Amino acid sequence: MVGFKRPFWAHQALEYVLALALLSHVLRVDDGLWPRLLAAGLLINVAVVDGPLGAFRLLSRKQHRVVDVVLAGAAVVLGVQWWIDLSTLTRVVVVGIGALLAALIPITQWESRVARRSRRSG
């Protein structure tokens, strides 16, 4: 199964898990505003996409993918920078979530079923 892409609903489900895990962590520690903004950004991004698990469907999947890349990069930068004081555990959690999100992006099927069907028939 070389080249098998995961369905978009699985991408969304894992993003919800990552966002809620980060939100759960940052609400228990006092590491300031930035990790909380990242958690909120992850949760909002997955909730507003037009996928099957999207709550509001404001962003297209292409826009969601761009925001995913930005959020994954922001998570890694937040975890490795030195000028914002974060606990070691928060740094590990944030970098881990950024790495997982970055690994999820290339293995996701970004097109909807309708777009894939029309591409095959046309």
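Residues numbered from 1 in each chain as written. Predicted model: local features only at pLDDT ≥ 70, side-chain atom pairs only at ≥ 80, totals over all residues. Heavy atoms only, no water.

## Comments concerning the overall build of the protein
Note the cut-off: Put simply, DSSP marks the helices as runs of H or I at least four residues long and the strands as runs of E at least two long, and each gets a number from the N terminus on. Residue burial is assigned from relative accessible area. The probe radius is 1.4 Å, only protein chains are included, and a residue is buried under 20% of its type maximum, exposed over 50%, and partly exposed in between.
Scanning the protein for helices and strands turns up 5 helices and 0 strands. Counted from the first residue to the last, the protein has its helices and strands arranged as α-α-α-α-α. Expressed along its principal axes, the backbone C-alpha trace of the protein runs to roughly 55 × 30 × 20 Å. Residue burial in the protein is summarised as follows: out of 122 residues, 35% are buried.

## A short note on the environment of V70
With respect to the secondary-structure elements, V70 resides in helix α3 (residues 61-80). For V70, a relative accessible area of 53% puts it in the exposed group.

## Topic: the packing of helix α1 (residues 8-28) against α3
A pair of packed helices is characterised by two quantities: the angle between their axes and the separation of those axes. The following threshold applies: Helix axes are fitted only over the stretch in contact, all axes being lines through C-alpha atoms; the angle between N-to-C directions runs from 0 to 180 degrees. Angles are sorted into four bins: roughly parallel if under 35 degrees, roughly antiparallel if over 145, roughly perpendicular if 65 to 115, and oblique for all others. Handedness of a helix crossing follows the sense of rotation of the near helix relative to the far helix, less than a right angle counterclockwise being left-handed and clockwise being right-handed. By the convention used here, residues are in contact when the closest approach between their heavy atoms is within 4.5 Å.
Two numbers describe how α1 lies on α3: the axes approach to 13 Å, and their chain directions differ by 40°. When the axes of α1 and α3 are compared, the pair comes out oblique. The two elements α1 and α3 meet at a crossing, and its hand is left-handed. Touching F8, H11 and E15 of α1 are R61, H64 and D68, all from α3.

## Here we look at the nonpolar core
Applied cut-off: Put simply, a nonpolar core is a bunch of buried Ala, Val, Leu, Ile, Met, Phe, Trp, Tyr and Cys residues held in one set by side-chain atoms that sit within 4.5 Å of each other.
Within the largest apolar cluster, 16 residues are counted, with the highest numbers of intra-cluster contacts made by L22, L38, L42, L78 and V94. Elements that contribute at least two residues to this core include exactly α1, α2 (34-47), α3 and α4 (88-104). Among all residues touching L42, those that are not within four sequence positions of it are A19, L22, L71, I97 and L101.

## Description of the environment of G98
By secondary structure assignment, the location of G98 is in helix α4. For G98, a relative accessible area of 1% gives the class buried. Linking G98 and V70, residues 28 residues apart in sequence, is a C-alpha distance of 9.8 Å. With residues up to four places along the chain from it excluded, the contact list for G98 reads A72, A75 and V76.

## Structural notes on the packing of α1 against α4
Basically, it comes down to this: Charged means Asp, Glu, Lys or Arg here, nonpolar means Ala, Val, Leu, Ile, Met, Phe, Trp, Tyr, Cys or Pro, and polar covers whatever is left, Gly included.
Taken N-terminus to C-terminus, the directions of α1 and α4 make an angle of 170°; their axes are 11 Å apart at the nearest point. The orientation of α1 relative to α4 falls into the category roughly antiparallel. Residue-level inspection shows H11, L14, E15, L18, L22 and H25 of α1 in contact with α4, the latter providing L89, T90, V93, V94, I97, L100, L101 and L104. Tallied by class, the residues present in the contact of α1 with α4 amount to 10 nonpolar, 3 polar and 1 charged.

## Describing the packing of aromatic side chains
The following threshold applies: Under the pairing criterion, centres of Phe, Tyr and Trp rings, with the six-membered ring standing for Trp, must be within 6.5 Å; the plane angle then separates stacked pairs below 30 degrees from edge-to-face pairs above 60, leaving the rest tilted.
Applying the stated rule across the entire model yields 2 aromatic pairs. Ring geometry for F8 and W110: centres 5.5 Å apart, planes at 55°, overall tilted. A residue pair is termed long-range when its members are at least 10 positions apart, and F8 in helix α1 and W110 in the loop between α4 and α5 (113-121) qualify at 102 residues. The two residues F8 and W110 agree in class, both being buried. With centroids separated by 4.9 Å and ring planes inclined at 85°, the aromatic side chains of W82 and W83 adopt a geometry described as edge-to-face.

## A few points about unusual backbone geometry
The backbone of R57 shows a phi angle near 55°, a positive value even though the residue is not glycine. Here R57 shows up in the loop between α2 and α3. Note on R57: relative accessible area 44%, which makes it partly exposed.

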